[in-house]
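Coordinates in review
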Amino acid sequence: MAYSIHLHISVWLYILSLPFQIIGTTGWWTLAVLGLGSFCLLGILSVAYEIENPFGYDENDLPLDDFCRVMALEIDMILGSRILTAEEWIYAESNKPFAPTSMSTPSTLLQKSKEELLEILVKTKTSHQLLTQTEPNEKLETSTRDKPKAD
């Protein structure tokens with residue numbers, strides 16, 4: 001609370017001393033400049049006073065009761081659902097490990113050949129680089145040990 005009083009006094013002292021600082025350069029415009037400056041500073045001061053304590057039941061306070069109610073509902077939903085084992089989670093039909101490049105499910109991916117899987121991996125790496133903007137000129141190639149050897 002002491003900082004609030006100090007801030008109010010400092011702002012008012014500045015506003016009261018401002019005309020003496022600018023009268024030499026602004027002349028009769030001092031009143032307009034002082035009015036505009038005072039309006040801005042006192043407006044910022046009143047906004048700071050309003051948001052000084054956001055935890056309560058005033059008009060501009062955060063609705064913490066609503067936040068807590070929503071969080072409690074979400075926690076209840078999480079705790080109320082059955083926890084999946086690692087295998088159930090991995091092979092779930094909603095699991096799409098290479099999304100958005102490939103929307104294939106794990107059961108579909110298990111049926112694909114090695115070449116098809118490598119193609120999906122290269123596409124995924126390419127889309128990831130485009131999203132993260134890393135090395136846009138870098139050419140994507142599979143490593144030589146993954147390529148079939150030509151006779």
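What counts, and where the lines are drawn
Residues numbered from 1 in each chain as written. Predicted model: local features only at pLDDT ≥ 70, side-chain atom pairs only at ≥ 80, totals over all residues. Heavy atoms only, no water. Helix = DSSP H or I, 4+ residues; strand = E, 2+ residues; numbered from the N terminus. Buried < 20%, exposed > 50% of the residue type's maximum accessible area, 1.4 Å probe, protein only. Contact = heavy atoms within 4.5 Å. Core = buried A, V, L, I, M, F, W, Y, C linked by side-chain atoms within 4.5 Å. Expected span 1.5 Å × (residues − 1). Arc of directions from axis to C-beta.

**What to know about the environment of Thr 101**
Looking at where Thr 101 falls in the secondary structure, it is placed in the loop between α4 (86–90) and α5 (106–110). The class for Thr 101 is partly exposed, based on a relative accessible area of 28%. In this structure, the C-alpha to C-alpha distance between Thr 101 and Lys 123, residues 22 residues apart in sequence, is 6.6 Å. Ignoring anything within four residues of it in the chain, the contact list for Thr 101 reads Ile 120, Lys 123, Thr 124 and Ser 127.

**Re the nonpolar core**
Formed by Val 11, Ile 15, Leu 18, Ile 22, Leu 34 and Leu 45, the largest nonpolar core amounts to 6 residues. Counting only elements with at least two residues in this core, the list comes to α1 (2–26) and α2 (30–50).

**As for α2**
Taking 1.5 Å per residue as the helical rise, α2 with its 21 residues ought to reach 30 Å, and the 30 Å between its terminal C-alpha atoms agrees with that figure. Three or more residues of α2 are buried, namely Thr 30, Leu 34, Ser 38 and Leu 45. Within α2, the buried residues cover an arc of 50 degrees as seen down the axis, which keeps them to one side. Residues of α2 that are exposed and point more than 90 degrees away from the buried face comprise Leu 36, Phe 39 and Ile 44. For α2, the secondary structure elements touched by its buried residues are α1.

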